[in-house]
Amino acid sequence: MTDALLVSNLLLWCVVIVLAVVVLALARQVGVLHERVAPAGALMPTTGPKVGELTQPATYRGLDGNPVTVGGPDGDSRATLVLWISPTCPVCKALVPTAVSMARSERLRLVFASDGEKLAQHQAYVGDLGIAAYPYVVSQALGLAYAVSKLPFAVLIGGDGVLRSKGLVNTREHLESLVESMQSGVRSLQDYVGITDSQHDASLKGQPS
Amino acid sequence: MIDPLIGRAIATAFALLWLLAAWHKVSAGEHFVATLGEYRLLPAAWTRPVARLLPLIEAVLGLAWLTGLATGWIASLTAGLLGAYALAIAINLGRGRMHIGCGCGLGAASGDDPALSWWLVARNVALGAVAMAAVLPLSQRELGLLDWLTLVFALLACVALYAGASQLLRNGAAIASWRKSRD
């Protein structure tokens, strides 16, 4: 009887440990799946103008009083990066230097956009960030035109006036993915995965079975 | 009265917990200093010394659990430290700073600490309660070979379950952040 209990106890311990390890492995697999599925590029909203559409030129008043035109073909055929920021958004502040350096290296026309009543607050913000050299538009209409819901948000309009990419940009990588998207012609990470998958399937089909 | 095997299991488990936690904080290095700073509870000048001190305290507690001496004190200190961590997490959850890492992983740092959640507070409170159970008087019994086997098996199961639970916390945080960025 004691022997039977002993054997059963040891056996049960082994089962418990194996089960615990299986649970751990399952949890890890779920974790890996989340990492794979998590949006690595700029998250693209489904509302607003579609990527590939021709944007309509519209003129807004900049913070310094000068008119700023966003959308439509550009005279110098330079691409325009519009970055929506706000004095109340901490992530935005970190992205501004990235956007400035990216605009310089990629020869983009950089436009900052924001919205809100207190112009003095925006002026102080522009001074803080040292971006007085770039157009800064405080306009709700511009945000509505591109269906901006969350900040920091960016759209990239090609020199020909076609909307090249857009999305919520929380990190440097997201911002870079917008330019990458324009240069490669792949609209988003979701599209890229779709393309590589179909290529993969095609190459599998091509193989002799 | 609790069985001496239970007391021994609790002591060994906490020794393992504190030593692995200390190792994690040391190997995370600057990352842990930054994490502690993100808690925003200490004056900036204190962050670095405290970040260096915490793993030391944890390592000493871990070794103390192994010696089996002054269990009452060690259990109280363990529960106190866990309680302090729980309070720090709760304060930051109250402030709505859920996105910061907890800095509470075990073993070599891999830079993916779970984000703060009430689960972590519950975990620390539960661990503190288990530590206090070691204060209860032990009954007298000779431990045989089978008891030591049980101890080893129980520890293995605990390690796997703890790791599984931590992974689930990380998954939960990933799902939560995903849901937030979607709507």
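Residues numbered from 1 in each chain as written. Chains lettered and ligands numbered in written order. Predicted model: local features only at pLDDT ≥ 70, side-chain atom pairs only at ≥ 80, totals over all residues. Heavy atoms only, no water.

**Here's the deal with the overall build of chain A**
We count it as follows: What counts as a helix is a DSSP run of H or I of at least four residues, what counts as a strand is a run of E of at least two, and both are numbered from the N terminus. Buried residues are those whose accessible area, probed at 1.4 Å on protein chains only, stays under 20% of the maximum for their type, while exposed residues exceed 50% and partly exposed ones sit between those limits. Should any heavy atoms of two residues lie within 4.5 Å, those residues are counted as being in contact. Computed with a 1.4 Å probe, the accessible areas rest on the Shrake-Rupley method; for each residue, only the protein chains presented here act as cover.
Broken down by element type, chain A carries six helices and seven strands. The buried share of chain A, reckoned over its 209 residues, is 37%. A separation threshold of at least 6 residues defines the contact pool for chain A, and within that pool the share at least 24 residues apart is 67%. Counting every atom, chain A has about 12100 Å² of accessible surface; 59% of that belongs to carbon and sulfur.

**A word on the packing of helix 3 (residues 44-67) of chain B against helix 4 (residues 71-94) of chain B**
Residue and element names in this part refer to chain B. Going by this rule: To get an axis, fit a line to the C-alpha atoms, keeping to the stretch in contact for a helix; angles then go from 0 to 180 degrees between the N-to-C directions. We call a crossing left-handed when the near helix sits turned anticlockwise from the far one by less than a right angle, and right-handed when that turn is clockwise. Any residue outside Ala, Val, Leu, Ile, Met, Phe, Trp, Tyr, Cys, Pro, Asp, Glu, Lys and Arg is labelled polar, Gly included; the first ten of those are nonpolar and the last four are charged.
It is the contact of helix 3 with helix 4, at a shortest axis distance of 10 Å, that shows an interaxial angle of 145°. The handedness of the crossing between helix 3 and helix 4 is left-handed. Judged by residue contacts, Leu54, Ile57, Glu58, Leu61, Ala64 and Trp65 of helix 3 engage Thr71, Ile74, Ala75, Leu77, Thr78, Leu81 and Tyr85 from helix 4. For the contact of helix 3 with helix 4, the class distribution of residues is ten nonpolar, two polar and one charged.

**Considering unusual backbone geometry**
Residue and element names in this part refer to chain B. At arginine 40, a residue that is not glycine, the phi angle is positive and equals roughly 55°. Within the fold, arginine 40 resides in the loop between helix 2 (30-38) and helix 3. Unusually for a residue other than glycine, alanine 70 sits at a positive phi of about 45°. Relative to the assigned elements, alanine 70 resides in the loop between helix 3 and helix 4.

**Some thoughts on the nonpolar core**
Let me state the cut-off plainly: Buried Ala, Val, Leu, Ile, Met, Phe, Trp, Tyr and Cys residues form a nonpolar core when they are joined through side-chain atoms within 4.5 Å.
Core analysis: the largest hydrophobic core is formed by 27 residues, its most contacted members being A:Ile85, A:Phe112, A:Ile131 and A:Leu175. Mapped by element, the contributors of at least two residues to this core are strand 3 (80-84), helix 2 (90-105), strand 4 (109-114), helix 3 (119-129), strand 6 (153-157) and helix 5 (172-184) of chain A. Among the elements that line this core, the one with the most residues is helix 2 of chain A, at seven residues. The next biggest cluster of nonpolar side chains, apart from the first, holds 24 residues, and it includes B:Ile10, B:Phe32, B:Leu36 and B:Tyr85.

**Things to note about the state of the cysteines**
Residues and elements named next belong to chain B. Note the following rule: In plain terms, two cysteine sulfur atoms within 2.5 Å form what is called a disulfide here.
Per the stated rule, a full pass over the model turns up one disulfide over all chains. At a sulfur-sulfur separation of 1.9 Å, the disulfide partner of cysteine 102 is cysteine 104. Judged by the sign of its S-S torsion, about -70°, the cystine formed by cysteine 102 and cysteine 104 is left-handed. By relative accessible area, which is 15% here, cysteine 104 ends up buried.

**Notes on helix 3 of chain A**
Residues and elements named next belong to chain A. As a reminder of what qualifies: An arc is given here, and it is the one of the directions from the helix axis to the C-beta atoms.
Within the sequence span of helix 3, burial applies to His122, Tyr125, Val126 and Leu129. On an axial view of helix 3, the arc spanned by its buried residues comes to 100°, and they lie on one face. The outward face of helix 3, more than 90 degrees from its buried face, is lined by the exposed residues Ala120, Gly127 and Asp128. Phi turns positive one or two residues past the end of helix 3, at glycine 130, with a value near 65°.

**Side note on the pairing of strand 7 (residues 163-168) of chain A**
Residue and element names in this part refer to chain A. Defined as follows: In this scheme, strands are said to pair when DSSP sees at least two bridges between them.
In terms of burial, strand 7 is largely enclosed, as five of its six residues are buried. Pairing analysis gives five bridges linking strand 6 to strand 7, with the strands arranged antiparallel. Each residue of the ladder has a partner; that of phenylalanine 153, found in strand 7, is leucine 168.

**Let's talk about the confidence of the model for chain B**
Reading fine detail from the predicted coordinates is not recommended where pLDDT is low. Heads up, the condition is: For every residue, the pLDDT score states the predictor's confidence, bounded by 0 at the bottom and 100 at the top.
Confidence in the prediction for chain B averages 86 pLDDT; 93% of positions are at 70 or higher. For this predicted complex, the interface confidence reaches an ipTM of 0.75, while the overall pTM sits at 0.57.

**Considering the environment of A:Val70**
Residues and elements named next belong to chain A. By secondary structure assignment, the location of valine 70 is in strand 2 (residues 67-70). Relative accessible area serves as the criterion here: at 1%, valine 70 is assigned to the buried category. Each C-alpha atom, one on valine 70 and one on valine 82, is 8.2 Å from the other, the two residues being twelve residues apart in sequence.

**Some remarks on the pairing of strand 6 of chain A**
Residue and element names in this part refer to chain A. Where burial is concerned, most of strand 6 is hidden: five out of the five residues are buried. Side chains Phe153, Val155 and Ile157 project from strand 6 onto one buried face, and the interleaved Ala154 and Leu156 project onto a second face that is buried too. Pairing geometry for strand 3 and strand 6, over five bridges, is antiparallel. The residue bridging tryptophan 84 from the neighbouring strand is phenylalanine 153, located in strand 6.

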